[in-house]
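Notes for the structure review
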Amino acid sequence: MPLPRLTLALSLALALAPATQAAAESTSQAMPETMDMLKHAIAAQTVEGKGQVPPFASYLAGKLESAGFAKTDIEIIPVGNTAALVVHYRGSDSGRKPILLSAHMDVVAANPADWQRDPFKLVEENGYLYGRGVADMKTNVIALVETMMRFKREHFVPSRGMILVFSGDEETDMASTRELAKRYHDAEFLLNADAGGGTYDANLKPVVYEIQAAEKTYADFTLTVTSPGGHSSEPEPSKNAIYRLAKALGRVAAYQFPVQHSDITLASLKATGEHGSGPLAKAMRRFAAHPDDAKAAAVISADPAYVGQIRTTCIATMLDGGHALNALPQRADANINCRIFPGDSVADVQATLAKVIADPSVAISVKAPPPVESPASPLRPDVFKAVAATIHERYPGVEVVPGMSAGASDSMYFRNAGVPCYGVDPTFSKPDDTFAHGLNEKLLATEVPAALDFWHGLLTRLAK
Ligand SMILES: [Zn+2]
């Protein structure tokens, strides 16, 4: 069929237009390809030990190549039986450091027998998408890849380069993350799609959006007590390794680390307090205004979900001791898991535990692998402004606040290497609604186009 003249002229004009003027694509145009890739992503069983991360990384690489990425700008780094994927989107100003875009391609194991639906099949039901990784975090993996493909098709030329740094074992060893942080730490900042995010109330009204700017340091300490042992018919209670360990644990249980705060935690508690009601919300508002208010700190500390926001916390998680029912123990061990407030060192916490236990016969050692200390990232106004502007395009007026999480995301290795990191998961969810790591993981279907809008809008603002 011959084209009408006007259409012909128009298509000629488009064909002759310089590459930089390629038409912008809409999010709805990008959705079919996105859902198709997400279906593939959920079916890829990228759990520990199955060796499925490298083929999944190759699949993503193939998609990016088909959108115009040069082979030389895509790198798959094998690490053990997993892999990392690195993709360069070149900027025009080589004097400006690039932005790193972090996500992980692996997922937590899922036993199909326990799930209501096949965990490795993308299913949409009643407004939700179901499948392992739909929330943590294949939707964002695909949304980032689709956004890069869309930019390429639009001939977008940023002044600042962007580098996708996708890890392949974030949920387990993080060896691929360490490799990425070793190679790519000369960057302006990193945006992590696996932290931060928006909260809906029960009626799906947006409440608040959090940018993760800090995370606590994860550390395990082993307490070990030994005694000579012997026959249980000849007891010596004062030397008994189990009794001495129990006493040490009692002292740890009774101890609270001092109250601490940062710009990040005060802003986050203020926002949480203002959106809630009741004694806890009131205590948060008081603490945000007066961090030396001991009564407010006590109320917050009594809530397991928030105590970690104002203190380093340590808690016993494992116990092992003795070798026979009728023998005196020769050894007793316990594991103490700590989440250390950014700024405190692992050595400080170890010294505090020794002081609290006050028994030199209790050996305290740091469990391998060595903890990675992760400083809080500065609250960069350019990043916060760009994220707020992007969120406000979807939800005008929603408060955007910094936050600190309990750790440990891929950001910890990059922060440790000196890169400021910001967790900016574009999706909103109701508290405890996604079941990330758990059974029947789900995500509101509305969050997929929202993620495409978000990455396109945010990266245009930050990289242009
Ligand atoms: Zn994750």
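Residues numbered from 1 in each chain as written. Predicted model: local features only at pLDDT ≥ 70, side-chain atom pairs only at ≥ 80, totals over all residues. Heavy atoms only, no water.

Turning our eyes to something else, we now look at the state of the cysteines. A disulfide bridge is the covalent bond that connects two cysteines by way of their sulfur atoms. Inspection of the entire model under this criterion finds 1 disulfide. A sulfur-sulfur distance of 2.1 Å marks the disulfide that ties Cys314 to Cys338. What sets the handedness of the Cys314 and Cys338 disulfide is the S-S torsion sign, and at about 115 degrees it is right-handed. Separated by 24 residues along the polypeptide, Cys314 in strand S12 (residues 313-321) and Cys338 in strand S14 (residues 331-340) bring together distant segments of the chain. You can call Cys314 buried: its relative accessible area is 15%. Judged by its relative accessible area of 0%, Cys338 falls in the buried class. (Disulfide = S-S within 2.5 Å. Helix = DSSP H or I, 4+ residues; strand = E, 2+ residues; numbered from the N terminus. Buried < 20%, exposed > 50% of the residue type's maximum accessible area, 1.4 Å probe, protein only.)

Now for the coordination of the zinc ion. For the zinc ion, the full set of protein donor atoms is His104 (NE2), Asp136 (OD), Asp194 (OD) and Asp194 (OD), and the range of their distances to it is 2.0 to 2.6 Å. For the zinc ion, the 4 donor atoms in the first shell make angles of 52 to 135 degrees at the metal, a pattern classed as irregular. Read in sequence order, the donor residues for the zinc ion give the motif H-x31-D-x57-D. Highlighted residues: His104 in strand S3 (residues 99-104) and Asp136 in the loop between strand S5 (128-130) and helix H4 (138-153), separated in sequence by 32 residues. Neither His104 nor Asp136 differs from the other in exposure class; each is buried. (Donors = N, O, S within 2.8 Å, 3.2 Å for Na, K, Ca; no water. Tetrahedral: all angles 85-135°; square planar, octahedral: opposite > 155°, others 65-115°.)

Scanning all chains against the criterion turns up 2 cavities of 30 Å³ or more. Val252, Tyr255, Phe257, Cys314, Leu353 and Val356 together form the lining of the largest cavity. Classifying every residue of the lining of the largest cavity gives 6 nonpolar, no polar and no charged. The space that makes up the second largest cavity amounts to roughly 40 Å³. (1 Å grid on protein atoms, 1.4 Å probe; cavity = no way out; pocket = protein on both sides within 12 Å on 5 of 7 lines; lining within 4 Å. Points joined across faces, edges and corners; volume = space filled by probe spheres on them. Nonpolar A, V, L, I, M, F, W, Y, C, P; charged D, E, K, R; others polar.)

This paragraph deals with the pairing of S14. Counted residue by residue, S14 has 8 buried out of 10 residues, so it is predominantly covered. Here 10 bridges tie strand S10 (residues 217-226) to S14, and the two strands are oriented antiparallel to one another. Paired with Leu223 across the strands is Ala334, a residue of S14. In this sheet, S14 lies alongside S12 in antiparallel orientation, the contact comprising 8 bridges. Bridge pairing in S14 links Gly321 to Ala332. (Pairing = 2+ DSSP bridges.)

The next point concerns the layout of surface pockets. Reported here for the second largest pocket is a volume of approximately 310 Å³. Lining the second largest pocket are 16 residues; nearest its centre among them are Tyr255, Val307, Thr313, Cys314 and Ile315. For the lining of the second largest pocket, the secondary-structure elements that each account for two or more residues are helix H6 (241-254), S12 and S14. Ranked by residues supplied to the lining of the second largest pocket, first place goes to S12 with 4 residues. In the lining of the second largest pocket, the residues fall into 9 nonpolar, 5 polar and 2 charged.

Pairing is antiparallel across the open sheet formed by 4 strands, whose spatial order is S12-S14-S10-S15. With partners counted over all chains shown, the strands left at the sheet margins are S12 and strand S15 (363-366), one partner each. Between one strand axis and the next, the sheet turns through 25 degrees on average, direction left out of account. The strands touched by H6 within the sheet are S10, S12 and S14, with S14 carrying the most contacts at an inclination of about 15 degrees. Its contacts with the sheet place helix H10 (residues 346-357) against S10, S12, S14 and S15, and it is angled at close to 165 degrees to S15. (Axes fitted to C-alpha atoms, helices over the stretch in contact; angles between N-to-C directions. Contact = heavy atoms within 4.5 Å.)

The next subject is the packing of aromatic side chains. Applying the stated criterion across every chain, the model contains 15 aromatic pairs. Ring centres 6.2 Å apart and planes at 75 degrees place the aromatic pair Phe189 and Tyr422 in the edge-to-face group. One end of the pair, Phe189, is in strand S7 (residues 189-192); the other, Tyr422, is in strand S17 (residues 421-423), and 233 residues separate them in sequence. Taking relative accessible area as the criterion, Phe189 reaches 1% and is therefore assigned buried. With a centroid separation of 5.2 Å and an interplanar angle of 40 degrees, the aromatic rings of Tyr200 and Phe428 are classed as tilted. A residue pair is termed long-range when its members are at least 10 positions apart, and Tyr200 in strand S8 (residues 197-200) and Phe428 in strand S18 (residues 428-429) qualify at 228 residues. Here Tyr200 falls in the buried class, since its relative accessible area comes to 3%. Clustering of aromatic rings is evident, with ring pairs tying together Tyr200, Tyr209, Tyr395, Phe428, Phe454 and Trp455. (Phe/Tyr/Trp six-rings, centres within 6.5 Å; stacked < 30°, edge-to-face > 60°.)

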